[in-house]
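# Structural overview for review
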Amino acid sequence: LAFDPGTAACGIACAEVERDIWRILHLTCVLPSGPPPGDAIAWWWQHFAALVRQHAPTLIAYETYVWQGRDRTSGNAPLVWQQIGAIRSLGGLPGVHGVQGYAPPAWRTQLTQHGHATDRDVRWHLEHRCGIQSLTDALQGVPTSGIPHCLDALGVAIVAGDSWQVHQRMEGDHKDEC
C-alpha cells in the first residue's frame, strides 16, 4: 500500500506481485475540499487505516516531500505533513511490517533505471510492469487532476515491493548464518 501525499491530492495505490507480475488492487486519490474536520491527523488516519483493514498490506510506503535539505511543499505544507503523520502511524497496525519513505528522485530512478525520469517515463514503466489495460482500467473514475498522484503512488508501491522481495530473498539466503 503506497501513498503520494500532496497539497492538491493524496494518491493511493495498493498492488501485489507474484512472479514479477504486478496486479493493481486499488488506485485512487483523495482530493481535499478544504481542511479536514477536527483533528486533521486523526481524519487522515481513519481514512488510511480503513484501506489497511481492507487490503491487509505487508508494507506501507510513501513519497517523501523533504529531500536534499529542501521542503518541496508550498504554503500548504501542514496538509502534507498531516498526511505523512497519519501514514507513518499506520506502522503500528497488525500485519504491517514497516513504513518506508521514498524520495522522488530515488524511487523514479529505481523504477525507470533513469536518473531524470519524467512523468511519461514513469507511466511507460508502470504500463509495462502492470499491463496497459490493467492500468487503464484502474484509472477509470479517477479525476484527471488526481492521475499523476495515483501514478506516483503506484510507482512507490512497486519500488517498495521490489525492495521488500529482495530483502525477503536475502533474509532467506542467510537464515543459517544468524
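Residues numbered from 1 in each chain as written. Predicted model: local features only at pLDDT ≥ 70, side-chain atom pairs only at ≥ 80, totals over all residues. Heavy atoms only, no water.

The subject of this paragraph is the pattern of salt bridges. According to the stated counting rule, one finds five salt bridges in the structure shown. For E16, the salt bridge is made with R23, and the minimal N-O distance between the two is 2.4 Å. With a relative accessible area of 35%, E16 lands in the partly exposed category. Taking the shortest distance from any N to any O, the salt bridge between D162 and R129 comes out at 2.8 Å. You can see D162 sitting in helix α6 (residues 147–173) and its partner R129 sitting in helix α4 (residues 119–130), a full 33 residues away along the chain. Note on D162: relative accessible area 22%, which makes it partly exposed. (Salt bridge = Lys/Arg side-chain N within 4 Å of Asp/Glu carboxyl O. Buried < 20%, exposed > 50% of the residue type's maximum accessible area, 1.4 Å probe, protein only. Helix = DSSP H or I, 4+ residues; strand = E, 2+ residues; numbered from the N terminus.)

A word on the nonpolar core. If you look at the biggest cluster of nonpolar residues, it comprises 28 residues, and the most contacted ones within it are L27, L126, L135 and L154. Residue assignment for this core shows that the elements contributing at least two residues are β2 (10–18), β3 (21–30), β4 (59–63), α3 (104–112), α4 and α6. If you tally residues by element for this core, the top one is α6, at nine residues. Not counting residues up to four positions away in its chain, the partners in contact with L154 are A13, A15, I24, L27, L126, C130 and L135. (Core = buried A, V, L, I, M, F, W, Y, C linked by side-chain atoms within 4.5 Å. Contact = heavy atoms within 4.5 Å.)

With that settled, the discussion passes to the packing of helix α1 (residues 40–55) against helix α2 (residues 77–89). Between two packed helices, both the angle of their axes relative to each other and the distance between the axes serve to describe the pair. Between α1 and α2, the shortest axis-to-axis distance is 8 Å and the interhelical angle comes to 50 degrees. Classified by the angle their axes make, α1 and α2 are oblique. Note that α1 runs across α2; the crossing there is right-handed. Where α1 approaches α2, its residues A40, I41, W44, W45 and F48 are matched on the opposing element by L79, Q82, Q83, G85, A86, I87 and S89. Broken down by class, the residue content of the contact of α1 with α2 amounts to eight nonpolar, four polar and no charged. (Axes fitted to C-alpha atoms, helices over the stretch in contact; angles between N-to-C directions. Parallel < 35°, antiparallel > 145°, perpendicular 65-115°, else oblique. Left-handed = near helix turned anticlockwise from the far one by under 90°. Nonpolar A, V, L, I, M, F, W, Y, C, P; charged D, E, K, R; others polar.)

With that settled, consider α1. For α1, with 16 residues, the first-to-last C-alpha span of 23 Å sits near the 22 Å given by 1.5 Å per residue. Listed in full, the buried residues belonging to α1 are A40, W44, F48, A49, L51, V52 and H55. Each buried residue of α1 sits inside an arc of 155 degrees when the element is viewed along its axis, so together they form one side. Opposite the buried face of α1, at more than 90 degrees from it, the exposed residues are Q46, R53 and Q54. One or two steps after α1, the chain reaches A56, where phi turns positive at roughly 45 degrees. (Expected span 1.5 Å × (residues − 1). Arc of directions from axis to C-beta.)

It is worth spelling out the environment of G155 at this point. Note that G155 resides in helix α6. Aside from chain neighbours lying at most four places away, what touches G155 is W107, L111 and L126.

Attention now goes to the pairing of β3. Relative to β3, β2 is paired through nine bridges, and the arrangement is antiparallel. Paired with A15 across the strands is I24, a residue of β3. As consecutive antiparallel partners, β2 and β3 are separated by two residues, and within that stretch R19 has a phi angle of approximately 55 degrees, a positive value. (Pairing = 2+ DSSP bridges.)

No statement about biological role is implied by the geometric values presented.
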